[in-house]
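# Structural characterization, general
Next come the chains, spelled out residue by residue.
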Amino acid sequence: MMMSPWDRWYSTSCCLCCHVRTGTIILGVWYMLINAVVLLILLTALSDPEQYHLTSAELANDLDVMDDANMCIASAISLLMILICGMAAYGAYKLHAAWIIPFFCYQIFDFALNTLVAVSIAVYPNTVEDYLQQLPDNFPYKEEIAALSSVCLVLIVLLFISCILGFKAYLIACVWNCYRYVTGRSTAEILLYVTTNDTTVLLPPYDDSMGIPPKSAPPPYTTAMA
């Protein structure tokens, strides 16, 4: 019997030998914490712009690094990510497959963006050197990194991005397997098979069976008079 590629890669266990459902909950909570910290930093910067606002003179650029409008947009994105990650954790915990889909779509979008970055670096290798020149002078190990050859620098960056893409692909597979597990679990709870000998009867769901109108009662039994 031929198995589809999706069935070959399907597994109910993920990293640290935990269940994909548990792994999705941990991943959702971890992303929630990260975005909560980012949101807290952004809100603190908005409340005290004089302390956290970096100007162009500090980074040798002609424009401000992040104005209030960009910080508000970043705060809204962080709040949206907290909501999406919370939905994924709740959906995996309560076995609601539809709640996991937004987080899975975010993972696909993030993976596509990182893939485009890797492709752009491979096609235009000079972008790495241009990015190094835009870094501030007090950036750690800037001179040592700039002393490397362009080919070696591009290979190191591509290797680093490839490792990140591989890890992100594994997390995508874990969330997808959790979605399949939750979907299969819900389907198994709805459809009940009763097997007697060689006969299989498919019972309808409980809600549908309760909606079926009862049959009319048979006529009352009367004793026949001889």
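Thresholds applied
Residues numbered from 1 in each chain as written. Predicted model: local features only at pLDDT ≥ 70, side-chain atom pairs only at ≥ 80, totals over all residues. Heavy atoms only, no water. Patch = residues over 30% accessible without salt bridge, like charges linked within 9 Å, V, L, I, M, F, W, Y side chains within 5 Å. Areas by Shrake-Rupley, 256 points an atom, 1.4 Å probe, with all protein chains shown as cover. Salt bridge = Lys/Arg side-chain N within 4 Å of Asp/Glu carboxyl O. Helix = DSSP H or I, 4+ residues; strand = E, 2+ residues; numbered from the N terminus. Buried < 20%, exposed > 50% of the residue type's maximum accessible area, 1.4 Å probe, protein only. pLDDT = per-residue confidence, 0-100. Contact = heavy atoms within 4.5 Å. Core = buried A, V, L, I, M, F, W, Y, C linked by side-chain atoms within 4.5 Å. Expected span 1.5 Å × (residues − 1). Phe/Tyr/Trp six-rings, centres within 6.5 Å; stacked < 30°, edge-to-face > 60°.

### Quick word on a nonpolar patch on the surface
A surface patch of nonpolar side chains, about 450 Å² in accessible area, is lined by Val-29, Trp-30, Leu-33, Ile-34 and Val-38. Mapped onto the secondary structure, Leu-33 falls in helix α2 (residues 20–47).

### What about the pattern of salt bridges?
A full pass over the atoms with the stated rule returns one salt bridge. Across the pair Lys-168 and Asp-110 runs a salt bridge whose closest N-O atoms are separated by 2.6 Å. With a gap of 58 residues between them, Lys-168 in helix α9 (residues 150–190) and Asp-110 in helix α6 (residues 101–123) connect regions that are remote in the sequence. Summarising the burial analysis for this pair, Lys-168 and Asp-110 share the class buried.

### A look at the confidence of the model for the chain
The predicted coordinates should not be examined in detail at positions where pLDDT is low. In this model, the chain carries an average pLDDT of 76, and 66% of its residues clear a pLDDT of 70 or more. Predicted confidence for residues 55–64 stays below pLDDT 50, and this span has ten contacts to residues more than four positions away or in other chains. The low-confidence segment residues 192–201, where pLDDT is below 50, has eleven contacts with residues more than four positions distant or belonging to other chains.

### Topic: the side chain of Ser-75
Mapped onto the elements of the fold, Ser-75 is located in helix α5 (residues 68–94). Discounting residues that sit within four places of it in the chain, Ser-75 has contacts with Leu-39, Leu-42, Leu-43 and Leu-46.

### Observations regarding the nonpolar core
Counting residues in each nonpolar core, the largest one holds 17 residues, and the members touching the most others are Leu-27, Tyr-31, Ile-100, Phe-103, Cys-178 and Val-182. Where this core is concerned, the elements lending two or more residues are α2, α5 and α9. Formed by nine residues, the second largest nonpolar core is a distinct cluster that contains Val-128, Leu-153, Ile-161 and Leu-165.

### Considerations on the side chain of Gln-107
The topology assignment puts Gln-107 in helix α6. Residue class for Gln-107 comes out buried when judged on its relative accessible area of 5%. In contact with Gln-107, other than residues within four places in its own chain, are Leu-27, Leu-171, Ile-172 and Val-175.

### Thoughts on α6
Since there are 3.6 residues in each turn of an α-helix, residues three or four apart along the chain are aligned in direction. Taking 1.5 Å per residue as the helical rise, α6 with its 23 residues ought to reach 33 Å, and the 33 Å between its terminal C-alpha atoms agrees with that figure. Buried within α6 are the following residues: Phe-103, Gln-107, Asp-110, Ala-118 and Ile-121.

### A few points about unusual backbone geometry
Even without glycine at this site, Leu-95 takes up a positive phi of about 60°. Checked against the element boundaries, Leu-95 lands in the loop between α5 and α6.

### Section: the packing of aromatic side chains
Using the criterion set out here, one finds six aromatic pairs in the structure. Between the aromatic rings of Tyr-90 and Trp-99, the centroid separation amounts to 5.0 Å while the plane-to-plane angle is 50°, which identifies the pairing as tilted. For Tyr-90, a relative accessible area of 38% gives the class partly exposed. Centroid distance Phe-104 to Trp-176: 5.4 Å. Interplanar angle 35°. Geometry classified as tilted. You can see Phe-104 sitting in helix α6 and its partner Trp-176 sitting in helix α9, a full 72 residues away along the chain. Note on Trp-176: relative accessible area 26%, which makes it partly exposed.

### What to know about the environment of Thr-12
As for its position among the elements, Thr-12 is in the loop between α1 (5–8) and α2. In this structure the C-alpha to C-alpha distance between Thr-12 and Thr-22, which are ten residues apart in sequence, comes to 10.0 Å. Thr-12 has contacts with Cys-18, His-19, Val-20 and Tyr-181, leaving out every residue within four places of it along the chain.

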